[in-house]
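Close look at the chain arrangement
Chain residues, written in single-letter form:
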Amino acid sequence: MRKMLAAFVSRVLTGVTQKPARRVLVASCNYSKDATFEIRNCDLYRLEGGPPVTAVLTREDGLKYHRMMLAVRRLELKADQLYKQKFIRGFCHLCDGQEACCVGLEAGINPSDHVITSYRAHGICYTRGLTARSILAELTGRRGGCAKGKGGSMHMYAKNFYGGNGIVGAQGPLGAGVALACKYKGNSEICLTLYGDGAANQGQIAEAFNMAALWKLPCVFICENNRYAMGTAVERAAASTDYYKRGNFIPGLRVDGMDVLCVREATKFAADYCRSGKGPILMELQTYRYHGHSMSDPGISYRTREEIQDVRSKSDPIKLLKDKMINSKLACVEELKEIEVEVRKEIDDAAQFATTDPEPPLEELGHHIYSDNPSFEVRGANPWIKFKSLS
Amino acid sequence: MNLFQSITSALDNSLAKDPTAVIFGEDVAFGGVFRCTVGLRDKYGKDRVFNTPLCEQGIVGFGIGIAVTGATAIAEIQFADYIFPAFDQIVNEAAKYRYRSGDLFNCGSLTIRAPWGCVGHGALYHSQSPEAFFAHCPGIKVVVPRSPFQAKGLLLSCIEDKNPCIFFEPKILYRAAVEQVPVEPYNIPLSQAEVIQEGSDITLVAWGTQVHVVREVASMAKEKLGVSCEVIDLRTILPWDVDTVCKEECFLNLEAPISRVCGYDTPFPHIFEPFYIPDKWKCYDALRKMINY
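Residues numbered from 1 in each chain as written. Chains lettered and ligands numbered in written order. Predicted model: local features only at pLDDT ≥ 70, side-chain atom pairs only at ≥ 80, totals over all residues. Heavy atoms only, no water.

Side note on the sheet that holds strand 2 (residues 43-45) of chain A
Residue and element names in this part refer to chain A.
- One open sheet accounts for 6 strands, arranged 2-9-10-6-5-4; its pairing is mixed. In the strand order of this sheet, the two ends are held by strand 2 and strand 4 (114-116), each with one partner. The mean angle between the axes of side-by-side strands here comes to 20 degrees, regardless of whether they run parallel or antiparallel.
- Lying on the sheet, helix 3 (residues 99-108) is in contact with strand 5 (191-196), strand 6 (219-225) and strand 10 (281-286); it crosses strand 10 at an angle near 145 degrees.
- This element, helix 6 (residues 171-185), spans strand 4, strand 5 and strand 6 of the sheet and lies at about 170 degrees to strand 5. (Pairing = 2+ DSSP bridges. Helix = DSSP H or I, 4+ residues; strand = E, 2+ residues; numbered from the N terminus. Axes fitted to C-alpha atoms, helices over the stretch in contact; angles between N-to-C directions. Contact = heavy atoms within 4.5 Å.)

Some thoughts on the sheet that holds strand 9 (residues 229-233) of chain B
All names here are of chain B.
- The 3 strands are arranged 7-9-8 in an open sheet whose pairing can be described as mixed. Of all the strands in the sheet, just strand 7 (194-197) and strand 8 (202-206) have a single pairing partner and so form its edges. With strand direction ignored, the average angle separating the axes of adjacent strands in the sheet is 30 degrees.
- As paired elements, strand 8 and strand 9 share 5 bridges and run parallel to each other.

Remarks on the pattern of salt bridges
Residue and element names in this part refer to chain A.
- Inspection of the entire model under this criterion finds 32 salt bridges over all chains.
- Here Arg133 makes a salt bridge to Asp349, at a shortest N to O gap of 3.5 Å. You can see Arg133 sitting in helix 5 (residues 132-139) and its partner Asp349 sitting in helix 12 (residues 333-356), a full 216 residues away along the chain.
- The class for Arg133 is partly exposed, based on a relative accessible area of 38%.
- The shortest N-O distance in the salt bridge between Asp242 and Arg254 comes to 3.2 Å. Residue Asp242 is located in the loop between helix 8 (234-237) and strand 9 (252-256), and its partner Arg254 is located in strand 9; the two are separated by 12 residues in the primary sequence.
- One salt-bridge network, in which partners are shared between bridges, spans Asp43, Asp242, Lys245 and Arg254. (Salt bridge = Lys/Arg side-chain N within 4 Å of Asp/Glu carboxyl O. Buried < 20%, exposed > 50% of the residue type's maximum accessible area, 1.4 Å probe, protein only.)

A short note on the nonpolar core
- Counting 73 residues, the largest nonpolar core has Leu136, Leu192, Val220, Val255 and Met283 of chain A as its most contacted members.
- Looking at this core, the element that brings in the most residues is helix 2 (residues 59-84) of chain A, giving 10 residues.
- Ignoring sequence-local partners within four residues, the contact set of Val255 of chain A consists of Cys42, Cys262, Val263, Ala266, Met283, Glu284, Leu285 and Gln286 of chain A.
- Counting 39 residues, the second-largest nonpolar core is a separate cluster that includes Ala67, Ala94, Ala95 and Ile232 of chain B. (Core = buried A, V, L, I, M, F, W, Y, C linked by side-chain atoms within 4.5 Å.)

Overview of the pairing of strand 1 (residues 34-38) of chain A
All names here are of chain A.
- By the alternation rule, side chains of strand 1 split into Ala35 and Phe37, which are all buried, and Asp34, Thr36 and Glu38, of which none is buried.
- Sheet topology places strand 1 next to strand 3 (residues 54-58); 5 bridges connect them, and they run antiparallel. Within the sheet, the bridge partner assigned to Ala35 lies in strand 3 and is Leu57.

A look at the packing of aromatic side chains
- On inspection of all chains with the given rule, the structure shows 17 aromatic pairs over all chains.
- Taken together, Phe84, Phe87, Phe133, Phe134 and Phe168 of chain B form an aromatic cluster joined through their ring pairs.
- Between the NZ or CZ atom of Arg59 of chain A and the centre of the ring of Tyr31 of chain A, over which it lies, the distance is 3.9 Å.
- Taking NZ or CZ as reference, Arg312 of chain A lies 4.1 Å from the ring centre of Tyr290 of chain A, over its face. (Phe/Tyr/Trp six-rings, centres within 6.5 Å; stacked < 30°, edge-to-face > 60°. Lys NZ or Arg CZ within 6 Å of the ring centre and 35° of its normal.)

Structural notes on the packing of helix 3 of chain A against helix 9 (residues 260-275) of chain A
All names here are of chain A.
- Following both chains from N to C, one finds helix 3 and helix 9 inclined at 40 degrees, their axes separated by 7 Å at the closest point. On the basis of the axis angle, helix 3 is oblique to helix 9. Where helix 3 crosses over helix 9, the two elements pack in a sense that is right-handed. In contact with Ala100, Cys101, Val103, Gly104, Leu105, Ala107 and Gly108 of helix 3, helix 9 contributes Val260, Val263, Arg264, Thr267, Lys268 and Ala271.
- Of the residues contributing to the contact of helix 3 with helix 9, the split by class is 8 nonpolar, 3 polar and 2 charged. (Parallel < 35°, antiparallel > 145°, perpendicular 65-115°, else oblique. Left-handed = near helix turned anticlockwise from the far one by under 90°. Nonpolar A, V, L, I, M, F, W, Y, C, P; charged D, E, K, R; others polar.)

Thoughts on the UniProt feature "domain: Transketolase-like pyrimidine-binding" (unreviewed entry) in chain B
- This chain's UniProt record puts "domain: Transketolase-like pyrimidine-binding" (unreviewed entry) on residues 1-176 of chain B.
- In residues 1-176 of chain B, the share of helix is 38% and the share of strand is 15%. The end C-alpha atoms are 10 Å apart. (UniProt positions renumbered as here; feature names shortened; annotations may be inferred.)

If you want it as C-alpha cells, here you go:
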C-alpha cells in the first residue's frame, strides 16, 4: 500500500515538473528569429528575371509550414490505412511526397485568391482551410464531410477552392474562367489552375492557355509534374517534357517542387506577375509521389523501389525543411517532435470522427440537382420510386 | 474465358486476320487497365498496338483518320465516363462522314471500345452508362454485350461492320463472368435482339449487366407470382431490333403501361450507389405493380 502511494506520489510530482521542464527546454534552445536560405534557381521561359535565389524563413513560418506538411503527410497515410480497412471505398489518390507543393503554393498567395485542381487534392484541401475531420469524413462518405458525403475523395471543395475534378484537364478552362471573374471584379485576386503531367496533353489545357493569354487573365497555370501519369512516364506521353515551355506564348518557370521555400518564392513571383496585369504565367513544379496513382496501384510496376527510396532519402520535403530549421537553429529536434505528436493526435481524432459519423440520410439522394426550383420529384429506379429534390 | 479474356481473344483474331488493324488508347500497350489487351503488343508489334497520350478527343479523331484511309482502327477509351471530350468527334464527324460525302468517304472500319457501367465503388466518373447519349445519333452503331461468349462475337461483328461502332463492355463482368468461348473467330449479328427466355405474361428487356438482374427477377416472378416472363437481351442499342421487342400493333394490345426501370435522375452517386442502381428488388417491384395494374 505504501509502495503504491509512493509510486503514485512520485508520478504526480514528475507530472507536475514535466511541464516546466519542457518550457525550460524550449527556452534553453537558443532560437534565431529567422534565417536566409539559398534556393535553387528556376529555369525561365520568356521571362527576363525570375524569383529570388534566396529566401528568408522566419521561425514562425517555418514551424507553420512544418506542421502543415506533417499534417498532410499523416492525413494521406491515415487515408491509406482507412482504405485498406475498407472504411474508404472507391477511388483515393494520395499526394504524400508532394506536400511542399500544396503548402508552398498556399504560402505564396492570399486566402482570398482562388485555387482549382484535379483529384490528387487532399493536401490542397487541408492547406485551403478544411479541417482534417471534414476531409476524412468526406473520404468515408459521412454527413460531416465537406461535401456532405456526396462527393468523396475526388470532389472536395472549400471557400475559394473549386475542387477536386474527375476529368483531368477539364479544370483548365474553369480556372481561366475564375481568373476572368477576378479581373472583371477588379479585386486583384488571382486563380491558381493546377493540372498534372498527364493532363498537360489534353486539348482543353491548350484552349485555356489561349483564352488566358488573349484576354490577359490573372491565371497562374501550374503543372504538377510528378513524372508519371498513372503508369506512363512523361517521356512516353509528351512530345516535349519541358512543361513550363508548353504555354508557348505564355511565359513559364520550372520550380523545384520538393523545396517548400522554392515553391513559395516562385508562387509569390508568379502571383505578383499576374496581379500587375501582365496576363497568365505558367509554373512547372517538379515533384514526386510516393504512393501509386491511386490505392489500386502498387506504384512499382512502372518505376523501381530504388527510385522511390532515392527520392525519399534525398528530397523528402518534410525532411528538407526540418534539416534546414535545425541546422540554422530555427527550432530544435524536441520541439519538432512535439509538433509531430500533436499532428498525429489531430489526425487520429479526425479518423475517429470519420469512422463514427453517420452517413447522409437517404432522402438527400435527390437534393442539389438544381437550384431555386420548387422542389420536384426525382424519378427513381422504377416509376413508383420517387425522391424529393431540395435545393 | 472471362469477359476481358474473350475481348483479348477477339482482338487477337482481328489483328491476325486483318493486317491493317491497329489498337490504340491510353495504357493499352502493357495490357490495359482491365487487361483486355494483354500480350497483343508482344505478338503483333509496337506499331500495331500502341499508347496514346491522355486526349480522348484526339484518340477518336485520330481513329477516324485511320479509318478513312481504309485501315481498321480499334480505339480504346479508358472508361466510358471519359468519352465526352470525344462526343463531338463521334457525333459530328464519325457518324456523318459517309452521309455528307455522298458515300465517297467513310470511317466504317472504326470501332471504339470502352469499359461501361456501375461497378460498386466507381462513383461519379467510373460508373456511367452513356449509351443513351449515342442512341439518337444516326450513322453509328452502339452495342452492349452481356457475357464473354456474346462479347467476342459482337465485338468481331463490330470490327468487321462497315459502320463506326461503339462497343461498351460491362466492367463489373470483366472477371466475374466466365463461360466457354471458342478460340476461333465467330460472329454474332448486330441489330438482333435475343430472346433468352420465352414467356407469355410480361416482357422484360435489358442489356449488359442488367440482363442477369432481370433473369433473376424472371425466376422470382415465376416462383412467387406464377408469372411467365419473356426476357430479351437487346444487345444492339442502335439500330435496335424493334421487331423482336414489339410486334406490330403491340401497343394496342398491352394490358399495362410500359414501365422503365433505371438509375435515378441524379448524377451517379458516391455513397448512395447501393440505393441508386436498379437492383432485382426494384425490378421485381415494378413487375408486381404492372401485373396488378
